[in-house]
Amino acid sequence: MKTIFFMIFCSMLLSDISELPIGFTDEELRNKHLINNMGSRTEPPIGPVRSIAEYEPMQGVLIRYPFGISTSLIAAMAEDVIIYCLVSNSSENSAYNSMNNAGVNMDNVEFINGSTDSYWTRDYGPWWVVDGNGEIGIVDFTYNRPRPNDNDAPLKVSNYLDVPYYAADLVSTGGNYMTDGYGMSAATHIAYTENNECNTNDQSSIPLAPCNYVDNLMDEYYGIEEYHVVADPNNEYIDHIDCWAKFLSPTKMLIRSVPNSHPQYNEIENVVDYFEQVETPNGESLEIFRVYTPNDQPYTNSLILNNKVLVPIMNSS
């Protein structure tokens, strides 16, 4: 089964002061209330629903023009899969020329016309599911930034590919979502705290106390029966799980490691202890693999692309 996984690397970005950051701008902080007006809800997919994991076979990658990644990286991805490029009508020729001049296989590039606000496609791109009839579709969420064009990207992709579209009235972001493909997902605390329906008093526990509103939506729309929402051990401003962990298979998880002198050492080891006790579909505990990130290298924020793994390189050993 093939699907499309939507990505962007936070650590491979090109410098461009005109682009919106991954976090909030000052103006967006003043307009956070607008996020609640961007959501919608449809009927859920026919059950049982299964969310598709990143490590499963995929047919393409979603990017956006102007790019937030190098054209050499785009060329490497286009060797194996289709590059779906969100671009405004007026910029399509520029996008084509930029990739073509860089040696990208243009036979593997398709353009999806539509304006965007930023290049963080991993964060606002669609999440894919398989419904009870075996049909692949998109279940949308409300992007946790007041960026309406980005928030509409999953619908644009659905229309272009002519696949079913559903929407769950749930505030979230792709960088804070990972799933094992078997009904289990994990996220940091903002999965609850950014939804007004959750009364999350303790935001530092592992795991957080359940939020029935979010948990029920995750089950009904995404088929997630086991949702592990934990305090972010990185203590970052964006609080994305992909900055410190990644499912590698239904039984394997990658989590960063740091020296014991690192200020987040205890928090990271506590979350490792927690996930080592999580039971996998085969009834055994998750096997935890570690990647050494002494200077906060974002190695977990990588992309599993079929037989390739594209990892940010930070010019260190």
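How each quantity is defined
Residues numbered from 1 in each chain as written. Predicted model: local features only at pLDDT ≥ 70, side-chain atom pairs only at ≥ 80, totals over all residues. Heavy atoms only, no water. Helix = DSSP H or I, 4+ residues; strand = E, 2+ residues; numbered from the N terminus. Rg over C-alpha atoms; globule rule 2.2 N^0.38 Å. Buried < 20%, exposed > 50% of the residue type's maximum accessible area, 1.4 Å probe, protein only. Areas by Shrake-Rupley, 256 points an atom, 1.4 Å probe, with all protein chains shown as cover. Polar contact = N/O pair within 3.5 Å; in protein donor to acceptor, adjacent residues only side chain to side chain. Contact = heavy atoms within 4.5 Å. Phe/Tyr/Trp six-rings, centres within 6.5 Å; stacked < 30°, edge-to-face > 60°. Lys NZ or Arg CZ within 6 Å of the ring centre and 35° of its normal.

Student: Which parts of the structure should I look at to understand the overall build of the protein?
Tutor: Across its full length, the protein carries 9 helices and 16 strands. For 317 residues, the compact-globule estimate of 2.2 N^0.38 gives 20 Å, and the protein sits close to it at 19 Å. Summarising its shape, the C-alpha atoms of the protein cover approximately 50 × 50 × 45 Å along the three principal directions. Looking at the 317 residues of the protein, the share that counts as buried comes to 54%. Element-wise, carbon and sulfur atoms account for 44% of the exposed surface of the protein, whose accessible area totals about 13,900 Å².

Student: Before we go on, may I ask you to explain the side chain of threonine 188 in this structure?
Tutor: Tracing the chain through its elements places threonine 188 in strand 10 (residues 184-188). From its side chain, threonine 188 meets the backbone oxygen of aspartate 239 in a polar contact 2.5 Å long. When neighbours within four sequence positions are excluded, threonine 188 is seen to be in contact with Asn176, Val229, Val230, Asp232, Asp239, His240, Ile241 and Trp244.

Student: Help me understand the packing of aromatic side chains, please; the structure alone is not making it clear to me.
Tutor: Each aromatic ring pair is specified by the distance between its two centres and by the angle formed by the two planes. One pass over the structure, following the stated rule, counts 11 aromatic pairs. An angle of 75 degrees between the planes, with centres 6.3 Å apart, marks the rings of tyrosine 192 and tyrosine 227 as edge-to-face. Residue tyrosine 192 is located in helix 7 (residues 190-193), and its partner tyrosine 227 is located in strand 11 (residues 226-230); the two are separated by 35 residues in the primary sequence. Of the two residues examined, tyrosine 192 and tyrosine 227, each falls in the buried class. Consider the rings of tyrosine 274 and phenylalanine 275, whose centres lie 5.1 Å apart with planes at 75 degrees: the pair is edge-to-face. It is arginine 145 that lies over the ring of phenylalanine 24; its NZ or CZ is 4.1 Å from the centre.

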